[in-house]
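Structure assessment
Now for the letters of each chain:
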Amino acid sequence: MDSYLANLKWRYAVKKFDNTKKVSKKDLAALIQATQLSASSFGLQPYHIFVISDLALREKLMPATWGQKQVVDASHLVVFANKTTFGAEIIDDYFVNVSKTRGLPIESLKDYSDFIKSKMSLLTETDKAIWANKQVYIALGNFLSAAASLKIDTCPMEGFEPEKYNEILGLNQEGLNASVVATIGYRSKDDHTQNYVKVRKPKEELFTYL
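Presented here is an overview of the structure given in this document.

Note on placement: Ser 38 falls in the loop between α2 (25-36) and β1 (47-52). A distance of 2.8 Å separates a polar atom in the side chain of Ser 38 from the backbone oxygen of Thr 35. Sequence-distant contacts of Ser 38, defined by excluding residues within four places in its chain, comprise Gln 45, Tyr 47, Ile 138, Ala 139 and Asn 142.

Next comes the structure, spelled out in structure tokens:
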């Protein structure tokens, strides 16, 4: 736990990446697997994640990211996109996966499947998108912590125009919406913000023990 806490203290939102350094295939694979293992409500993972290394595409996306150079200087740009609409098929697909993965007959999973469907059916289309967006942020949190454990620098970014990302990446046609993005790579020695002391609320203000 000491090393985990030390890694969290080490990480910060990098403002300037060293564009000569790239994340190795091995580390990227580990980071992807860690993100894949993120928790989500009912285990449904109602999102898709795009890992973009193509520089030309990132240059196209940079103006839609308020001109922030991390998008092109980092090793990769990662786009977390939530599902904007879905029906019972997302639940059916999940339980087919459960059946195959755990070697269980699909019929034995029907009661739980029906229970989830009954709860999800109460959501409006807007509610579904909001719920899916919340699940994205669980994955993002795990992604940031895993990257810190690998000593990979990150910068989570909400400062971008989702509509333009959706257009450029063709997300609308896929029923997806760019929810949040993050850059990964390695901090530049010229990024002075790495020397700033981390500022967080005191535990006495943030936590209440009952």
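Alright, that's what it looks like, and here's the rest.
The subject of this paragraph is the packing of helix α5 (residues 89-102) against helix α6 (residues 110-120). α6 packs onto α5 with a crossing angle of 155 degrees between their chain directions and a minimal axis gap of 10 Å. For the element pair α5 / α6, the angle class is roughly antiparallel. Like other packed secondary-structure pairs, α5 and α6 cross with a definite hand, here right-handed. On α6, the residues touching Ile 91, Asp 92 and Phe 95 of α5 are Tyr 112, Ser 113, Ile 116, Lys 117 and Met 120. Considering only residue class, the contact of α5 with α6 consists of 5 nonpolar, 1 polar and 2 charged.

Roughly 520 Å³ of volume is contained in the largest pocket. Lining the largest pocket are 23 residues, and of these Gln 36, Gly 43, Leu 44, Gln 45 and Tyr 47 lie nearest its centre. It is α5 that provides the largest number of residues to the lining of the largest pocket, a total of 7 residues. What the second largest pocket holds in volume is close to 380 Å³. Lining the second largest pocket, in full, are Leu 5, Leu 8, Lys 9, Arg 11, Lys 198, Arg 200, Lys 201, Pro 202, Lys 203, Glu 204, Leu 206 and Phe 207. Contributions of two or more residues to the lining of the second largest pocket are made by α1 (2-10) and α9 (203-206). In the lining of the second largest pocket, the residues fall into 5 nonpolar, no polar and 7 charged.

Reading the values: rules and limits
- Residues numbered from 1 in each chain as written.
- Predicted model: local features only at pLDDT ≥ 70, side-chain atom pairs only at ≥ 80, totals over all residues.
- Heavy atoms only, no water.
- Helix = DSSP H or I, 4+ residues; strand = E, 2+ residues; numbered from the N terminus.
- Polar contact = N/O pair within 3.5 Å; in protein donor to acceptor, adjacent residues only side chain to side chain.
- Contact = heavy atoms within 4.5 Å.
- Axes fitted to C-alpha atoms, helices over the stretch in contact; angles between N-to-C directions.
- Parallel < 35°, antiparallel > 145°, perpendicular 65-115°, else oblique.
- Left-handed = near helix turned anticlockwise from the far one by under 90°.
- Nonpolar A, V, L, I, M, F, W, Y, C, P; charged D, E, K, R; others polar.
- 1 Å grid on protein atoms, 1.4 Å probe; cavity = no way out; pocket = protein on both sides within 12 Å on 5 of 7 lines; lining within 4 Å.
- Points joined across faces, edges and corners; volume = space filled by probe spheres on them.

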